[in-house]
Amino acid sequence: MSDSRPPASASVPLGGSISRAQDHALLHRLIRTLDTAHPAPDRLAANLLARFGSAGMALSAHVGGLDEVAGRSALVPPLLAVAREAALRLYRGRVRRTDVLSGRKGLEAYLQACMGHEVIEQFRVLFLDGQCHLLADDLMGTGTVNHSPVYPREIMRRALQLGAERLVLAHNHPAGRSEPSGADIEMTMRIAQIGKLMGVVVHDHIIVGNGRTHSFRAMGLIA
């Protein structure tokens with residue numbers, strides 16, 4: 001797929017702000033395009049915004065959550081999921097062309113879109129080169145509702161394979177709270193220690209909740 005910019009934010013820089021009216025207009029257009037027979041696209045767009053807070057969060061929502069809002073419109077949830085995947089691929093291409101660490105808000109928005117509404121825990125690693133450009137965004141583990149197994153050796157093996165110099169760790173808390181647990185902090189420190197021995201810097205660990213994020217670096221947990 002080409003790296004053209006996603007229509008949802010074509011005129012907004014990475015991490016820039018989008019008004020609620022723009023979000024509503026985007027969802028309205030998507031619904032009318034995906035389900036031409038839908039009786040009330042304007043109302044459904046408003047309901048999606050009321051439930052999820054933004055167009056981005058609606059697009060990143062789990063199909064089950066979309067079903068609850070869409071009601072009898074069987075077409076909208078799966079087609080929105082397809083639109084979400086297309087937007088993520090375009091967004092990922094856009095991220096690859098930037099200094100990933102130059103704008104934390106944009107990075108957090110990207111991670112929210114990737115896994116903010118997943119119903120099981122995921123652990124992702126963004127592998128960066130010396131100029132902080134994205135080499136790979138890998139899903140390194142999935143688990144239960146509140147646990148994802150993480151293997152530091154696999155992370156470092158992949159970093160060496162890619163020639164990565166920096167890492168951004170990320171995982172979601174499906175229950176919604178984004179504050180790090182003691183286990184989160186301990187695991188992060190272990191990965192950072194192993195990385196230091198191998199010349200790979202753990203730049204940050206971002207935890208994604210339902211619409212909220214916590215950055216270890218911003219909290220002073222990573223120097």
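Parameters and conventions
- Residues numbered from 1 in each chain as written.
- Predicted model: local features only at pLDDT ≥ 70, side-chain atom pairs only at ≥ 80, totals over all residues.
- Heavy atoms only, no water.
- UniProt positions renumbered as here; feature names shortened; annotations may be inferred.
- Buried < 20%, exposed > 50% of the residue type's maximum accessible area, 1.4 Å probe, protein only.
- Helix = DSSP H or I, 4+ residues; strand = E, 2+ residues; numbered from the N terminus.
- Pairing = 2+ DSSP bridges.
- Axes fitted to C-alpha atoms, helices over the stretch in contact; angles between N-to-C directions.
- Contact = heavy atoms within 4.5 Å.
- Arc of directions from axis to C-beta.
- Salt bridge = Lys/Arg side-chain N within 4 Å of Asp/Glu carboxyl O.

- Under an unreviewed UniProt entry, the name given to the chain is DNA repair protein RadC, and the organism recorded is Komagataeibacter nataicola.
- Checking UniProt for the chain, the heading Sequence similarities (unreviewed entry) contains the comment "Belongs to the UPF0758 family."

### Some points on the pairing of strand 1 (residues 122–128)
On any regular strand, side chains alternate: one points to one face of the sheet, the next to the other face.
Working step 1: A large share of strand 1 lies buried, amounting to 7 of its 7 residues.
Working step 2: Pairing analysis gives 7 bridges linking strand 1 to strand 2 (residues 134–142), with the strands arranged antiparallel. Bridge pairing links Gln 122 to Thr 142 in strand 2.
Working step 3: Here strand 1 folds back onto strand 2 in antiparallel fashion, the turn holding 5 residues, of which Cys 132 has a positive phi close to 65°.
Working step 4: When strand 1 meets strand 3 (residues 166–172), the two strands line up antiparallel, connected through 6 bridges. Bridging from a neighbouring strand, Leu 128 pairs with Arg 166 of strand 3.

### Overview of the sheet that holds strand 5 (residues 213–215)
Working step 1: If you walk across this open sheet you meet the 5 strands as 2-1-3-4-5, and the pairing is mixed. Each of the sheet's edge strands pairs with one partner strand only, and the pair in question is strand 2 and strand 5. Averaged over all pairs of adjacent strands, the angle between strand axes in this sheet comes to 20°, irrespective of strand direction.
Working step 2: Across the sheet, helix 8 (residues 182–198) touches strand 1, strand 3 and strand 4 (201–208), and the angle it forms with strand 4 is around 155°.

### What to know about helix 7 (residues 152–162)
Working step 1: Residues of helix 7 that are buried: Pro 152, Ile 155, Met 156 and Ala 159. In a view along the axis of helix 7, the buried residues occupy a sector of 95°, so they form one face of it. Across from the buried face of helix 7, at angles greater than 90 degrees, the exposed residues are Arg 153 and Gln 161.
Working step 2: Packed against the buried residues of helix 7 are strand 1, strand 2, strand 3 and helix 8.
Working step 3: Gly 163 lies just past helix 7 and shows a positive phi near 75°.

### Examining the pattern of salt bridges
Working step 1: Using the criterion set out here, one finds 3 salt bridges in the structure.
Working step 2: Residues Asp 137 and Arg 124 are paired through a salt bridge, measuring 3.1 Å at the closest nitrogen-oxygen approach. A residue pair is termed long-range when its members are at least 10 positions apart, and Asp 137 in strand 2 and Arg 124 in strand 1 qualify at 13 residues. The burial state of Asp 137 is the same as that of Arg 124; both residues are buried.
Working step 3: Close ionic contact of Arg 157 with Glu 154 constitutes a salt bridge, the shortest N to O distance being 2.4 Å. Of this pair, Arg 157 and Glu 154 both sit in helix 7, 3 residues apart, roughly one helical turn.

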